[in-house]
Amino acid sequence: MAKEQQASRAVLRSVDPGNSAMCAHCGAPVKFVARAQKKQVIANVYVKGSWDRVEHFHDDCYEEANEPFGPIGE
Ligand SMILES: [Zn+2]
């Protein structure tokens, strides 16, 4: 039986203080803002069935980019 191929997937997470990732869509930092309850999308990107990298997006940027790594999961 063939090994199951892993696919890229995206999840929604809160933005923590000290978060320093850059948004892969707009290039701006995904920053923690006190009291703003910011969310970010974290995508685990698989290339040819193997994990390749993690990309971060602002939640609205991910939608604007047409969900490049699939619908947002939990
Ligand atoms: Zn962005």
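Just so you know, these numbers come straight off a predicted model, no measurement behind them.

Caption draft 1: Structural detail: the pairing of strand E3 (residues 50-58). Sheet topology note: the strand E2 (residues 39-47)/E3 ladder contains 8 bridges and is antiparallel. Looking at the pairing, Val45 lines up with Arg53 of E3. Between the antiparallel neighbours E2 and E3 lie 2 residues, among them Lys48 with a positive phi of about 50 degrees.

Caption draft 2: Representation of the coordination of the zinc ion. Looking at the zinc ion, one finds its protein donor set to be Cys23 (SG), Cys26 (SG), His58 (ND1) and Cys61 (SG), positioned 2.0 to 2.4 Å from the metal centre. Around the zinc ion, the 4 donor atoms sit at angles spanning 105 to 116 degrees, and that spread fits a shape best called tetrahedral. Within one chain, the residues donating to the zinc ion are spaced in sequence as C-x2-C-x31-H-x2-C. Of this pair, Cys26 sits in the loop between strand E1 (9-14) and E2 while His58 sits in strand E3, and the two are 32 residues apart along the sequence. The class for His58 is buried, based on a relative accessible area of 17%.

Reading the values: rules and limits
Numbers given to residues run from 1 along each chain, matching the order in which its sequence is written. The predicted origin of the model limits local features to residues at a pLDDT of at least 70 and limits the giving and counting of side-chain atom pairs to 80 or more, whereas totals for whole chains, interfaces and linings rest on all residues. Calculated side-chain values reflect all of the structure's heavy atoms, with hydrogen atoms and water omitted. One requirement defines pairing of two strands: DSSP has to find at least two bridges between them. Note on conventions: DSSP H or I runs of at least 4 residues are helices, E runs of at least 2 residues are strands, and numbering of each starts at the N terminus. Coordinating donors are taken to be N, O and S atoms lying within 2.8 Å of the metal, or within 3.2 Å when the metal is Na, K or Ca; because water is excluded from the atom set, some sites may appear incomplete. Between 85 and 135 degrees for all angles marks four donors as tetrahedral; over 155 degrees for opposite donors together with 65 to 115 for all other angles marks four donors as square planar and six as octahedral; every other arrangement is irregular. Throughout this description, buried means an accessible area under 20% of the type-specific maximum (1.4 Å probe, protein chains only), exposed means over 50%, and partly exposed covers the range between.

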